[in-house]
Amino acid sequence: MGYMTINNRRVAFTDEKNVLSVIRKSGIDLPTFCYHSELSTYGACRMCVVEDERGKVFASCSEVPRDGMVIYTNTPRLQHHRKMIIELLLSSHCRDCTTCAKNGVCTLQKLASQLGISEIRFENHKKPLPLDTSSDCVIRDPNKCILCGDCVRTCDEIQGLGILDFAFRGSKMQVMPAFNRELAETDCVGCGQCRAVCPTGAISIRQDVDPVWKALADKNIRVVAQIAPAVRVAIGDKFGIPKGENTLGRLVAALRHMGFDEVYDTNFGADLTVMEESAELLERLKSGKNLPLFTSCCPGWVKFCEKRYPEFRENISTCRSPQAMFGALLKEEARMKAAEAEKEGRSLRKTVVISIMPCTAKKAEIKRPEHFTEGQQDVDYVLTTTEVTRMIKEAGIDLSQIEPEALDMPFGLSSGAAAIFGVTGGVTEAVLRRLVHSSRMEDLQDISFTGIRGIEGIKEASIQLEDRTVKIAVVNGLRCAETLLERIKAGEVQYDFVEVMACKRGCIAGGGQPVPIGPRTKQARLDGMYKIDSMAQIKRSDENPIIAEVYEGILKGKEHKLLHNR
């Protein structure tokens with residue numbers, strides 16, 4: 001342990017990697033644009049500069065703490081320095097703040113207000129640049145970029161894609177894909193992690209709010225919503241609800257107030273996924289073909305594999321993702337009811353399915369040809385958690401005050417195994433619960449202690465199934481997926497089942513979730529997901545009584561057609 005003096009107060013430090021961490025631990029929220037604890041230190045924005053007792057000014061994010069250091073964080077010199085940085089950034093920045101997607105949550109806007117910037121003395125001589133709207137998932141606006149490099153490092157260091165980088169020099173510098181290509185022309189998987197770290201509106205979510213409002217207003221449309229597991233522990237962030245708290249009941253009530261006709265749980269789709277994926281795993285273990293079996297729930301991972309590792313395409317599960325399965329089920333039910341009504345000389349309203357997801361990549365997933373059934377798109381629109389938050393606020397609803405309501409039946413019933421799909425390792429744990437054929441708490445705990453829980457990038461585990469030891473890997477973050485795939489290709493490791501999620505920690509930190517997402521927020525969301533599971537009366541997907549009814553009803557004879565993509 002060492003001691004530093006910060007603003008004339010002694011502060012202890014232990015294993016903090018930089019002075020900035022010590023300062024923040026002491027209760028001083030020093031501003032930054034380019035610093036993220038999970039990324040490499042860049043030190044470009046210079047907002048976190050401090051001054052020592054000799055008058056030396058340095059960036060606290062790139063300085064290692066030393067015993068006996070004496071620093072000051074808010075001298076007149078530093079105040080002038082920070083204000084000048086903000087003013088210069090604003091001088092070349094698009095100032096349409098009131099219509100910006102980041103309005104109210106923009107770091108640049110926040111710091112300009114915090115530092116009392118009331119005028120910009122410098123003219124903006126930059127010509128407006130065109131927006132990149134080619135992606136189904138995110139929109140890139142170079143006019144709002146402050147060159148912090150957060151998106152560049154996230155795409156490279158966390159996702160291993162390197163889609164974005166700096167181009168040109170000096171006042172002409174920009175962040176863009178190579179050769180100024182549009183995102184749709186690159187290997188971008190739409191994960192939205194660049195958007196999650198962007199401090200301004202330079203990268204934002206592609207909005208589908210307006211067409212959903214239009215559908216809700218149409219009396220001839222039956223609007224059905226499905227809510228993903230990770231949404232319920234994140235949407236409360238923007239309404240003063242404690243982080244990680246399960247707000248599903250409040251969200252259901254809010255959606256009904258907004259005009260949704262029926263509200264279901266994507267967890268039901270996750271239960272279907274467990275049933276199909278566990279059966280597929282057993283079949284592949286028996287045949288020995290196309291092992292390891294890779295999960296298919298994450299569209300960012302699926303696209304990454306197709307683009308970078310096409311040789312593993314046949315190893316990916318043929319199962320649709322939970323939202324796609326559930327969308328196909330809802331549309332099939334609507335078709336059956338419409339056919340019955342037509343025989344009776346009646347007509348029914350058109351069904352529109354809205355998925356509420358933590359993930360921007362889901363917006364692209366619903367447009368893939370394998371997620372159309374009989375020429376009809378199974379899920380019509382995907383709204384991210386952030387978009388639904390906007391809609392709730394537009395409707396004047398206070399989520400913290402509204403009375404919770406129950407989901408609609410029969411698809412409102414699901415298992416605890418389905419709930420943990422939102423965290424890394426959750427899909428694997430749910431599948432293993434199905435395969436061990438036991439609901440004893442001791443057996444379920446044994447599965448959770450195999451090593452599949454936790455936030456490490458690559459986790460390994462093994463479990464005994466009858467006379468065979470099944471080897472498992474759980475991966476989160478595409479950079480880690482790349483590492484694992486290379487090891488598999490080289491013959492260094494061998495697995496039977498591999499779960500991959502594109503986003504670090506899983507869907508709880510998806511690209512469509514409310515930001516900023518610090519370590520404590522991520523931990524609260526993770527704890528919230530496991531708490532939902534611990535409180536669930538049904539622990540295994542095969543114990544969900546509605547699942548058996550659906551297989552004997554809507555799905556009978558159509559299981560592969562509706563639940564698989566090839």
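I will try to describe carefully the structure that is included in this document. Fair warning: this is a prediction, and the values are worked out from it, not measured in the lab. (Residues numbered from 1 in each chain as written. Predicted model: local features only at pLDDT ≥ 70, side-chain atom pairs only at ≥ 80, totals over all residues. Heavy atoms only, no water.)

**Observations concerning the overall build of the chain**
Quick reminder of the rule: The way it works is that DSSP assigns letters per residue, a run of H or I at least four long becomes a helix, a run of E at least two long becomes a strand, and they are numbered from the N terminus. Atoms considered for the radius of gyration are the C-alpha atoms alone. The globule rule reads 2.2 Å times the number of residues to the power 0.38. Buried means the residue's accessible area, taken with a 1.4 Å probe over protein chains only, is under 20% of the maximum for its type, while exposed means over 50%, and partly exposed covers the values in between. We call two residues in contact when some of their heavy atoms are within 4.5 Å. Values of accessible area rely on a 1.4 Å probe in the Shrake-Rupley scheme; residue burial ignores everything except the protein chains shown. Under the counting rule used here, the positive set is Lys and Arg, the negative set is Asp and Glu, and His together with the chain ends is not counted. Charge coordinates come from a single atom per side chain, which is NZ of Lys, CZ of Arg, CG of Asp or CD of Glu.
Scanning the chain from terminus to terminus reveals 19 helices and 19 strands. In terms of C-alpha radius of gyration, the chain reaches 25 Å, essentially the compact-globule figure of 24 Å for 566 residues. The C-alpha extent of the chain, read off along each of the three principal axes, is 80 × 55 × 50 Å. When the 566 residues of the chain are sorted by exposure, 57% land in the buried category. Pairs at least 24 residues apart make up 72% of the contacts formed inside the chain by residues separated by at least 6 positions. A total of about 24700 Å² of accessible surface is found on the chain, and carbon and sulfur atoms cover 50% of it. Of the side-chain charges in the chain, 77 are positive and 75 negative, and the distance between the mean point of each set is 5 Å.

**Description of helix α14 (residues 426-436)**
Here α14 lies mainly inside the structure; nine of its 11 residues are buried. Of the residues one or two after α14, H437 is the one with positive phi, at around 55°.

**Remarks on the nonpolar core**
Heads up, the condition is: As used here, the term nonpolar core means buried Ala, Val, Leu, Ile, Met, Phe, Trp, Tyr and Cys residues forming a set that is joined through side-chain atoms within 4.5 Å.
Ranked by size, the top nonpolar core spans 58 residues in total, and within it L255, F260 and I392 carry the most contacts. Here this core gets seven residues from one element, more than from any other, and that element is helix α7 (residues 248-258). Setting aside chain neighbours within four positions, we find L255 in contact with A225, I227, F260, V263, I356 and V388.

**Considering the sheet that holds strand β11 (residues 262-265)**
Applied cut-off: At least two DSSP bridges between two strands are needed for those strands to be called paired. To obtain an axis, a line is fitted to C-alpha atoms, over the contacting stretch when the element is a helix, and the angle between two such axes runs from 0 to 180 degrees between their N-to-C directions.
Read across the sheet, four strands follow the order β11-β10-β13-β16 without closing on themselves; strand pairing throughout is parallel. Unpaired on one side and paired on the other, β11 and β16 (381-384) mark the two borders of the sheet. Averaged over all pairs of adjacent strands, the angle between strand axes in this sheet comes to 25°, irrespective of strand direction. Bridge count between strand β13 (residues 350-357) and β16: four bridges; the pairing is parallel. By the bridge assignment, M357 is partnered in β16 with T384. Its contacts with the sheet put helix α6 (residues 209-217) on β10 (221-227), β13 and β16, and the angle it makes with β16 is roughly 115°.

**Thoughts on the environment of K556**
Its location among the elements puts K556 in the loop between α18 (545-552) and α19 (559-563). Spatially, the C-alpha atoms of K556 and A406 are 28 Å apart, while their sequence positions differ by 150 residues. Discounting chain neighbours no more than four positions away, the residues touching K556 are V550 and Y551.

**Quick word on the packing of aromatic side chains**
The test is simple: Any Phe, Tyr or Trp ring, taking Trp's six-membered ring, that has another such ring centre within 6.5 Å forms a pair; planes under 30 degrees apart are called stacked, those over 60 apart edge-to-face, and the others tilted. We call a charge positioned above a ring when the Lys NZ or Arg CZ atom is no farther than 6 Å from the ring centre and deviates by at most 35 degrees from the ring normal.
Per the stated rule, a full pass over the model turns up 11 aromatic pairs. For the ring pair F268 and F411, a centre distance of 5.2 Å and an interplane angle of 55° mean the geometry is tilted. Here F268, found in helix α8 (residues 266-287), pairs with F411, found in the loop between α12 (385-394) and α13 (416-419); they are 143 residues apart in sequence, far enough to count as distant. Residue F268 is classed as buried on the basis of its relative accessible area of 0%. Between the aromatic rings of F294 and F312, the centroid separation amounts to 5.8 Å while the plane-to-plane angle is 80°, which identifies the pairing as edge-to-face. A residue pair is termed long-range when its members are at least 10 positions apart, and F294 in strand β12 (residues 293-294) and F312 in the loop between α9 (299-308) and α10 (322-343) qualify at 18 residues. Residue class for F294 comes out buried when judged on its relative accessible area of 0%. Members of the aromatic cluster, each reached through a chain of ring pairs, are F294, W301, F304, Y309 and F312. A cation sits over an aromatic face here: R10 above Y3, 4.2 Å from the ring centre. Over the ring of F239 we find K393; its NZ or CZ atom is 5.5 Å from the centre of that ring.

**What to know about the sheet that holds β12**
Ordered in space as β12-β19-β18-β17, the four strands form an open sheet in which the pairing is mixed. Sheet topology places β12 and β17 (458-465) at the edges, where each strand pairs with a single neighbour. Pairing of β17 with strand β18 (residues 468-476) involves eight bridges; the strand directions are antiparallel. Within β18, the residue paired with I458 across the bridge is V475.

**Some remarks on the pairing of strand β3 (residues 49-52)**
Of the two faces of β3, the one carrying V49 and E51 and the one carrying V50 and D52 are both buried. With three bridges connecting them, β3 and strand β4 (residues 57-59) associate as antiparallel partners. The partner of V50 across the bridge, within β4, is F58. The antiparallel pairing of β3 with β4 creates a hairpin that spans four residues between the two strands, and G55 there sits at a positive phi of about 90°.

**Looking at the side chain of Q323**
The following threshold applies: What qualifies as a polar contact is a pair of N or O atoms within 3.5 Å, subject to a donor-acceptor requirement within protein and to the restriction that residues adjacent in sequence count only when both atoms come from side chains.
Tracing the chain through its elements places Q323 in helix α10. Judged by its relative accessible area of 1%, Q323 is buried. There is a polar contact of 2.7 Å between the side chain of Q323 and the side chain of S355. Setting aside residues up to four positions removed in sequence, Q323 forms contacts with Q226, T266, S355, M357, K362, E365, I366, V379 and V382.

**A look at the environment of G426**
On the secondary structure map, G426 appears in helix α14. Judged by its relative accessible area of 0%, G426 falls in the buried class. Counting along the chain gives 356 residues from G426 to V70, while the straight-line C-alpha distance between them is 46 Å. Beyond its immediate chain neighbours, meaning those up to four positions away, G426 contacts A417, I420, F421 and E499.

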